[in-house]
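Secondary and tertiary structure notes
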Amino acid sequence: MKKIKNILPNPNTRLGIFGLLIAIFWLKTMFAYIVDFHLSVSNPFQFLIVLINPIATTLLLFGIALYCKKSRFFYPVIFLMDILNTVLLYLNVIYFREFTDFMTVSTMTGYSKVNQGLSGSSLALTLPHDVLYWIDLIIILILLFTRKIKIDHRPLNKRIGYAFSSLAVLFFTINLSLAEMDRPQLLTRTFDRTYIVKYLGIDAFTVYDGLKSQHNNDLRASATKSELNEILKFTKSHYAKPNSKYYGIAKNKNVIYIHLESFQQFLINQKINGQEVTPFLNSLYNSKSSYSFKNFFHQVGQGKTSDAENMLETSTYGLPQGSLFAQLGSDNTFQAAPAILKQEAGYSSGVFHGNIASFWNRNNVYKNLGYQYFFDASYYNTTGDRSLGYGLKDKLLFKDSVKYLEHLQQPFYAKYLTVTNHFPYDIDSEDVTNFTTTNTGDKVVDNYFLTAHYLDQSIKEFYDYLEKSGTLKNSVIVLYGDHYGISNSENEGLAKALGKNPETWTDFDSTQMQRVPFIINIPGQTNGKVMDEYAGEIDVLPTLMHLLGIDSQKYIQFGTDVFSPDHDQVVAFRNKDWVSPKYTSIDGEIYDSKTGKDLGFTDDAKAVKADTERVSKELNLSDSLNEKNLLRFYHPAGFKDVDPRKYNYSDELQKEKNIEKLLGTKSTSIFSKNHDQTTSKIYQTDAPEDSHQTTSSNRIKITNPDDNTN
Ligand code: GP9
Ligand code: MN
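Residue numbers here run from 1 along each chain, matching the order of that chain's written sequence. Each chain takes a letter, starting from A, and each ligand takes a number, starting from 1, following the order in which they are written. Restriction of local features to residues with pLDDT of at least 70 applies here, the model being predicted, together with a cutoff of 80 or more for giving and counting side-chain atom pairs; totals for whole chains, interfaces and linings are based on all residues. In computing side-chain properties, one takes all heavy atoms of the structure into account and sets aside hydrogens as well as water.

**Here we look at helix α13 (residues 304-314)**
The element α13 is largely enclosed, with a buried count of 11 among its 11 residues. Relative accessibility under 20% of the residue-type maximum defines a buried residue, over 50% an exposed one, and the middle range a partly exposed one, all with a 1.4 Å probe and only protein chains included. Strands are runs of DSSP state E lasting at least two residues, helices are runs of H or I lasting at least four, and both sets are numbered from the N terminus onward. For α13, the complete set of buried residues consists of Lys 304, Thr 305, Ser 306, Asp 307, Ala 308, Glu 309, Asn 310, Met 311, Leu 312, Glu 313 and Thr 314. Ser 315, located one to two residues past α13, shows a positive phi value of around 55°.

**Digging into the pattern of salt bridges**
Salt bridges, as used here, are contacts in which a Lys or Arg side-chain nitrogen is within 4 Å of a carboxyl oxygen on Asp or Glu. Here the structure, examined in full by the defined rule, presents 25 salt bridges. Across the pair Lys 395 and Asp 686 runs a salt bridge, and its minimum N-O distance is 2.7 Å. With a gap of 291 residues between them, Lys 395 in helix α17 (residues 394-405) and Asp 686 in the segment after α24 (670-673) connect regions that are remote in the sequence. The closest approach of N and O atoms between Arg 645 and Asp 643, which form a salt bridge, is 3.3 Å.

**Some points on the side chain of Ser 401**
Its place among the elements puts Ser 401 in helix α17. Contact between two residues is taken to exist if any of their heavy atoms lie within 4.5 Å; hydrogens are not considered. In this structure Ser 401 touches Phe 352, Tyr 380, Leu 396 and Tyr 416, once residues within four positions along its chain are discounted.

**Re the packing of aromatic side chains**
Note on ring pairs: Phe, Tyr and Trp rings are taken, using the six-membered ring of Trp, and paired if centres are within 6.5 Å. Classes follow the plane angle, with under 30 degrees stacked, over 60 edge-to-face and the rest tilted. One pass over the full model with this rule turns up 53 aromatic pairs. Centroid distance Phe 293 to Phe 563: 6.3 Å. Interplanar angle 65°. Geometry classified as edge-to-face. With a gap of 270 residues between them, Phe 293 in strand β4 (residues 290-297) and Phe 563 in the loop between α21 (540-547) and β13 (571-572) connect regions that are remote in the sequence. On the accessibility criterion, Phe 563 (6% relative accessible area) is buried. When the ring of Tyr 366 is compared with that of Phe 374, the centres are 4.7 Å apart and the planes differ by 80°; the resulting orientation is edge-to-face. Tyr 366 gets classed as buried once you look at its relative accessible area, which sits at 0%.

**Comments concerning the sheet that holds strand β12 (residues 529-536)**
At least two bridges found by DSSP between two strands is the condition for calling them paired. Within the open sheet, the 8 strands sit side by side as β6-β5-β9-β1-β10-β11-β4-β12. Their pairing is mixed. Lying at the two open borders of the sheet, with one neighbouring strand each, are β6 (373-375) and β12. Averaged over all pairs of adjacent strands, the angle between their axes in this sheet comes to 15°, without regard to strand direction. In the sheet, strand β1 (residues 254-260) pairs with strand β10 (residues 475-481) via 7 bridges, with the strands oriented parallel. Bridge pairing in β10 places Val 255 opposite Val 476. To define axes, lines are fitted to C-alpha atoms, for helices over the stretch in contact only, and angles between the resulting N-to-C directions are given on a 0 to 180 degree scale.

**Thoughts on the site of ligand 1**
In the vicinity of ligand 1 there are 12 residues, among which Thr 305, His 353, Asn 355, Arg 362 and His 422 approach most closely. Distance and chemistry together define a polar contact, namely a pair of N or O atoms within 3.5 Å, with one atom able to donate a hydrogen and the other to accept it when in protein, and with adjacent residues in sequence counting only for side-chain atoms on both sides. Within the contact set of ligand 1, an oxygen atom lies 2.8 Å away from a side-chain nitrogen or oxygen of His 422. Protein chains bury 99% of the 310 Å² of accessible surface belonging to ligand 1 in isolation. Residue polarity follows a fixed list, in which Ala, Val, Leu, Ile, Met, Phe, Trp, Tyr, Cys and Pro are nonpolar, Asp, Glu, Lys and Arg are charged, and the others, Gly among them, are polar. Residue composition of the shell around ligand 1, by class: 3 nonpolar, 6 polar and 3 charged. Near residues are defined by distance, with any heavy atom within 4 Å of the molecule or strand qualifying the residue. Per-residue accessibility takes into account occlusion by the displayed protein chains alone, with areas from the Shrake-Rupley method and a 1.4 Å probe.

So yeah, pure geometry; function would need other evidence.
This is how it looks when you write it as structure tokens:
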């Protein structure tokens, strides 16, 4: 006993109690990390970071007390810090139990429209072990009041305060460097709040989030309605009227988006060792019922998938830095596809995704977009070999979604976000048989073809289901690649795979590689073709709306309908480079788009100046629209603002069934149309995991910390 006492700091001295409180608070934080939060620590290095991440901020905050001379200040200050920190930790514990997410500052201040704060129900979220978060404070305070722990009246030398504050700063710097080593661009890209807590702790996350929301609020507060005028002037004159040949050809059909993760255009019609990589997608691409694009470019920035989603849902650009979903998505006003289609044509809407809901802040953003349903990882069995780095394997996603899809009222707007074809393109060998990939020496490149092949098969299986269930003929299926999969640094390996010379690879070649597939498949159409038009993700929404017979004119959208004769073929990249059928602008240098020849003039030359200026203006206007949340001032005739409070993504299946019941014979779901019989049995997959029986937790781990560095 004595021995233990010797190593514990002596609580009768000021430094002793300081050390004791810090040590206990560290323990409580670790307890929360392990028992209450799911931080998905996937390697020893991350474990080390998690161990040290509460230290810096606790040293700094508790250390404020060290500057107090008088004991009647020292003790209240140090306990106040401890209590405040414990409150913050505990609020997050409770919040996490309900939302599987951490509390943002706007949630705490009640600013956020989406994140309900802790309501009366929070009492129901408490657990017996919660007492451990408070018991230490109670015991120590009792010991102090009963004089079992003595008050130390001797003031500390000021230098001790400085020393600890400096130590805290040093610790934080080390912590941040380690975090950046494991997860580059952690703070600029902000994928997921869980990541920031995992790497920097709750205090640092809260401060960071507070600063960010202060910045956002300042921008918004200074904004006025009149700032919309310039934007409206631009979008009105930029608007491309529909082409009557295509307008409404998919009217009232279901819309099914298939998001082809990290899928680049060069995979289409590509053969490896004489075998097609994606035979099914090729057949869709070349089909007479498809309008396919060979000059379609992704336009994402750091927000990658989320930027692609944002462009497709809203026809506005992502942000110059970070992800719009993560940074503004919780509070911004959107006029997005799910809401537009619901209000203009009675569409229901849903997203199917085998990753956790908080990734890219989707759990909040989707409510503001007006998505009625969101089936995230918690709706699927993702255990064992059923999932990989980013969640449920694609074949299983498509199959296991049928039980939810078939209860959606038709017409529906449904989005499938695939994940298996994601960096680093790991796949179990049993998932891809009968395909031999390249041998470039670059594992990423070689594996990329394997996962792409797997994705292709999963789409074929889904298509077979759509056909057999009779859904295909009533649907338009839009397939798109969200962004590159092979980064520019891996182009050397890629060049080999494509039979090109890595030595002569240029910036122009890298830009060419930013093409991704865009296929609009409308079963029943016979005039489909591969189109030459240059276009990008920003153009998808107005194009789709016009196909559905909904004019996009009254909405603020930066893209233009690709079928319109007025379509703008200059495709802007997020860094203000651009491509058009004639020219390609990279870092101000102009190339011939057909030959790749450097034309020897820059983007202020007369031939291209107007395009450069328009690209820059378009991106700036989009940024100002989003950063200042200007759509809150814009009310297109007949369009009602989305009320995110109407949505909550729990018990989705029950909700779908309630609606079916309510509608009775008027229900249009696939299930109702199938005489109230499930269509799940029709589904056929060769996924080996499908027959394995795995149960228990449905929470998944992000096991590839090195992603997104490409
Ligand atoms: C995660 C998935 C991947 O849910 O959408 O996002 P990415 O890393 O491609 O941006
Ligand atoms: Mn992606």
